[in-house]
Amino acid sequence: MNFTEKIESNDQTIIENVESYHSDNSSIKNNQHTLKRGLKARHIQMIALGGTIGTGLFMSSGKAIVMGGPGGALVGYAIVGILVFCVMMSLGEMAAYIPVAGSFSHFATRFADPSLGFAVGWIYWANWAVGVAVELTGVAIIMEYWVKTINSVIWSVICLVILLSINVFSVKGYGEVEYWISFIKIMIVIIFIIVGICVDTGAAGGVYYGVSNFHLPGGPFPNGFLGVFNVFITAAFSYNGVEIVGITAGESANPHKTVPSAVKQVFFRIVLFYILSILIIGLIIPYTDPNLLSGASNIAVSPFTLVFKKAGASWAADMMNAIILITMISAGNSGVYSSSRTLLSLASDGYAPRVFTRVNRWGIPIWSVLATCLIGCLAFLTSLFGSGVVFTWLTNLTSLAGLITWVTISVTHVRFRKGYLSQGRSLTALPYYAPLHPLGDIIVIVIGTIIIFGQGWKSFVAPIKAANVISTYIGLVLAVVLYGGHKIWKRNGFVKCEDMDFETGTFHDNVIDIRKTGDDMDENSSPIPLWKRILNKILNIIA
């Protein structure tokens, strides 16, 4: 057996070892069918790189400049970026070792507190189910930009049919769609940064801006700490969805390689796509420009459109409209995927009807997908009737889901690492371990909690209205009710370290040792180019 054959044999052993998870009592299975590990390394990596680039960056980034100024926006996005990176390191450690769908809900139940797993699972599922309705509504609005003679509901129905078609036959459909859409978004951001540099330096033939916007009255931080804090909130919602990489581990062909690689790429995504984009906008468009606030709802004056127009691109609005359209389809696609896998995990842990554990012959949790789409449709209908009041409350109910999930992941990771070490296990047996533990988890728990409780501070400014306060914090109230209700019902406590299960569905030490001999091979057992091996070494040093 030559070296290549040996690596192929070893990788197959690893995959078979992971898939054995589905035969255990806590596995995600139904009759003879299980989830298929159809997501390749390129799918996971591209989802990690571009999966969360969306309307938060393309449309609402200008709002962050207005609230915090050019300096405040940079600081706010950088701090929340550190928080996101810490979340991904913690989730990556657990998901690479125990690759299951709906990972963080299952991890919370298994290593922290069953009530916590119950609460975060249902909140996260509701968040994405309602999110599907939000995207259906958004697609209808976007299409009206070009076609005004067709009822906008028709476009929403077409979008829903597309989402269903992508998600009911094969997980590869989800992976391929996200791969190419993420690729397009990444290219747009890279082009935007290059064009922005040319505009700022005057190379595009216009005015030289330099850093003049940093010297406007008030300086780079015109609204002080409060302005930076407001940016925290905007940035947190812009980064929302980064945790989907943990969910994809359950259907990744080689989670022991792809999950750690995706986690490490988050660092570069934050720096390249978010921080540089915010810097470019702050350099070219003054924070006093009223268009920055309007850009959150008007594509014609979104920050990206304004910068492209300053470079002489009169077609910028049409281009950005098309980008926002595919971004919304991507978000809806991710919503159906992540919420269906979360519902599948909830059912497997006994928190939802067992029918949602059913997996069809293509490896799709069909009833979970259909239930998610049904709830999305019902939520969408509420946006059409009753002046959208119900729809607004539904979105408020789930608005804090991402932040609550991040904090839960860090709490769970603290428990995971404590139990893992208390049982005498070695960190070297982990495919990936978070290098900043416990500091990273502490950062997430502290900053995340502050944002969760502080994001509605404006509702306490006179005149105080009870309806506004309740509407702002209804998502937090829902989380407390779910957690407290389950706790009273089941009367359970935190999982004891000695009772934690680190065997079911995990990689065994001997398999990990064999895998490490093939670090110069990719997931297809092909040699990795020298330049890429050097880049991987740099990533390993950073992460």
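Look a little higher up for the structure.
Residues numbered from 1 in each chain as written. Predicted model: local features only at pLDDT ≥ 70, side-chain atom pairs only at ≥ 80, totals over all residues. Heavy atoms only, no water.

Draft legend 1. How the structure looks around the overall build of the protein chain. Of regular secondary structure, the protein chain possesses 21 helices and two strands. Counting over 543 residues, the protein chain shows a buried share of 57%. A total accessible area of about 21500 Å² is found for the protein chain, and carbon and sulfur atoms account for 67% of it. (Helix = DSSP H or I, 4+ residues; strand = E, 2+ residues; numbered from the N terminus. Buried < 20%, exposed > 50% of the residue type's maximum accessible area, 1.4 Å probe, protein only. Areas by Shrake-Rupley, 256 points an atom, 1.4 Å probe, with all protein chains shown as cover.)

Draft legend 2. Up close: helix α19 (residues 466–490). Residue Tyr473 marks the point of greatest curvature in α19, where the axis turns by about 55°. Of the residues flanking the end of α19, it is Arg491, one or two places downstream, whose phi is positive at about 55°. (Bend = angle between axes of the 7 residues up to and from the residue.)

Draft legend 3. Quick look at the packing of aromatic side chains. Tallied over the full model, the rule gives 24 aromatic pairs. When the centroid spacing of 5.0 Å and the interplanar angle of 85° are considered together, the rings of Tyr179 and Trp180 count as edge-to-face. Assessed through its relative accessible area of 17%, Tyr179 is described here as buried. Overall, the relative accessible area of 49% leaves Trp180 in the partly exposed class. (Phe/Tyr/Trp six-rings, centres within 6.5 Å; stacked < 30°, edge-to-face > 60°.)

Draft legend 4. Quick peek at helix α17 (residues 401–422). Counted at 1.5 Å a residue, the expected span for α17 with its 22 residues is 32 Å, and the 31 Å between its end C-alpha atoms agrees. Most of α17 sits out of view: 17 of its 22 residues are buried. Gly424 occupies a position one or two residues after α17 and carries a positive phi of about 75°. (Expected span 1.5 Å × (residues − 1).)

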